[in-house]
Amino acid sequence: KRLILIGPPGSGKGTQSPIIKDEYCLCHLATGDMLRAAVAAQTPLGIKAKEAMDKGELVSDDLVVGIIDEALKKPSCQKGFILDGFPRTVVQAQKLDEMLEKRGVKVDKVLNFAIDDAILEERITGRWIHPASGRTYHTKFAPPKVPGLDDVSGEPLIQRKDDTAAVLKSRLEAFHKQTEPVIDYYNKGSIVANLPAEKPPKDVTAEVQKVLS
Ligand code: ADP
Ligand code: ADP
Ligand code: ADP
């Protein structure tokens, strides 16, 4: 399967991704994770992306399109993929169509994580991440067994620098202005499925399974 996950920050994309990925043996490409890794490694790409990311603005289309074009070549992506956080603009969606056309494949489903903005601040400010695995916790909704430590490895959890109420505001603005039009773009092909992203994780997973079966 070739899937796209669209939803505002904190809507649960990163939480559902590993479950979908394992069930269908897909590769998981999260542009946010890839960009953060590039920033941490201070690669030329990371240096270019950092300023926009810190402000909660989108990085340039060319930059993320380049990352995805490269990543789609991985052997693990040949059977199918989950794009998490890409495309985030209509230009990115058009470029993706071109990339897939070249490879003779197309997008099967777009999962739209539908949720009210009001819920997102609590989700974002309570989020803790284990960077090495991508595992995500929440102080209230999904607390780790030991506060501040990953359940599996025992390693420290971190909070993302952009997971503050102030930066969330710009990220939401970017979502409504630049990313919501992408949903309409895919709606024309009737491949969008709306998920009840406000419900508990299990209910969201159940809906995903229904949509993909
Ligand atoms: P995204 O990848 O869309 O930004 P995450 O999956 O990282 O969002 O979720 C944001 C935060 O909310 C995390 O701390 C996560 O544990 C928590 N969370 C995810 N899904 C739910 C849910 N359905 N109900 C409550 N909290 C959730
Ligand atoms: P979220 O938890 O908000 O869904 P991500 O981890 O997907 O956040 O993205 C973090 C930041 O990385 C974004 O605020 C943006 O600056 C940048 N970014 C990620 N994906 C893209 C993309 N497809 N286009 C432009 N910028 C992106
Ligand atoms: P690649 O495609 O090279 O395998 P990944 O998608 O695995 O790249 O992302 C690189 C790493 O960045 C992952 O281990 C991911 O979990 C990690 N990561 C996610 N969030 C953060 C964060 N907030 N800070 C640092 N690293 C993070």
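Use the structure listed above.
Reading the values: the criteria
- Counting starts from 1 at the beginning of each chain's written sequence and moves along it residue by residue.
- Each chain is given a letter, starting from A, and each ligand a number, starting from 1, according to the order in which they appear as written.
- Two thresholds apply to this predicted model, a pLDDT of at least 70 for residue-level local features and 80 or more for giving and counting side-chain atom pairs, whereas whole-chain, interface and lining totals are computed over all residues.
- Working from all heavy atoms in the structure, the side-chain values ignore hydrogens and water.
- Note on definitions. A residue lies near a molecule or strand when any single heavy atom of the residue is within 4 Å of it.
- Here a polar contact means two N or O atoms within 3.5 Å. Within protein one must be a hydrogen donor candidate and the other an acceptor candidate, and residues neighboring in sequence count only if both atoms are side-chain atoms.
- Under the scheme applied here, ten amino acids are nonpolar (Ala, Val, Leu, Ile, Met, Phe, Trp, Tyr, Cys and Pro), four are charged (Asp, Glu, Lys and Arg), and all others, including Gly, are polar.
- Source of the domain bounds: an automatic or database domain assignment.
- Only protein chains enter the calculation, and the probe is 1.4 Å; a residue is then buried if its accessible area is under 20% of its type maximum, exposed if over 50%, and partly exposed in between.
- Only DSSP runs of H or I with at least four residues qualify as helices, and only runs of E with at least two residues qualify as strands; both kinds are numbered from the N terminus onward.
- Taken from the helix axis, the directions to the C-beta atoms give the arc we talk about.
- The criterion used for residue contact is that any of the two residues' heavy atoms lie within 4.5 Å.
- Should DSSP find at least two bridges between two strands, the strands are taken to pair.
- Lines are fitted to the C-alpha atoms to define the axes, a helix being fitted only along its stretch in contact, and any angle between axes, read from their N-to-C directions, falls within 0 to 180 degrees.
- A carboxyl oxygen of Asp or Glu within 4 Å of a side-chain nitrogen of Lys or Arg is what we treat as a salt bridge.

Some details on the site of ligand 3
In the vicinity of ligand 3, the residues found are Asp33, Met34, Arg36, Ala37, Lys74, Pro131, Ala132, Gly134, Ile158 and Arg160. Within the side chain of Arg36, a nitrogen or oxygen atom sits 3.2 Å from a nitrogen atom of ligand 3. Contact distances for ligand 3 include 3.4 Å between an oxygen atom and a backbone N or O atom of Gly134. Of the residues assigned to the shell around ligand 3, the class counts are five nonpolar, one polar and four charged. Viewed by domain, the shell around ligand 3 spans two of them, domain 1 (2-120 + 170-212) and domain 2 (127-162), each represented by three or more residues.

A look at helix α3 (residues 44-55)
Every buried residue belonging to α3 is among Gly46, Ala49, Ala52 and Met53, and all of these are buried. Buried positions in α3, seen along its axis, are confined to an arc of 135° and lie on one side of it. Turned more than 90 degrees away from the buried face of α3, the exposed residues are Pro44, Ile47, Lys48 and Glu51. Of the surrounding elements, those touching the buried residues of α3 are α2 (31-40). Following α3 by one or two positions, Gly56 has its phi on the positive side, about 80°.

Focus on the sheet that holds strand β1 (residues 2-6)
Spatial strand order, β2-β3-β1-β4-β7: five strands in an open sheet with parallel pairing. In this open sheet, the two strands that pair with only one neighbour each are β2 (27-30) and β7 (192-196). The mean angle between the axes of side-by-side strands here comes to 20°, regardless of whether they run parallel or antiparallel. Bridge count between β1 and strand β3 (residues 81-84): four bridges; the pairing is parallel. Bridge pairing in β3 links Arg2 to Phe81. The sheet strands contacting helix α1 (residues 13-24) are β1, β2, β3 and β4 (109-114), and the helix crosses β3 at an angle near 175°. Contacting β1, β4 and β7, helix α7 (residues 165-187) crosses the sheet at an angle of about 145° to β1.

Considering the pattern of salt bridges
Close approach of charged atoms allows side chains with opposite charge to pair. Per the counting criterion, the structure on display carries 14 salt bridges. Here Glu122 and Lys140 are joined by a salt bridge, their closest N and O atoms 2.8 Å apart. With Glu122 in helix α6 (residues 120-125) and Lys140 in the loop between β6 (135-138) and α7, this residue pair connects regions lying 18 residues apart in the sequence. The partner of Arg171 in a salt bridge is Asp163, and the shortest N-O contact between them spans 3.0 Å.

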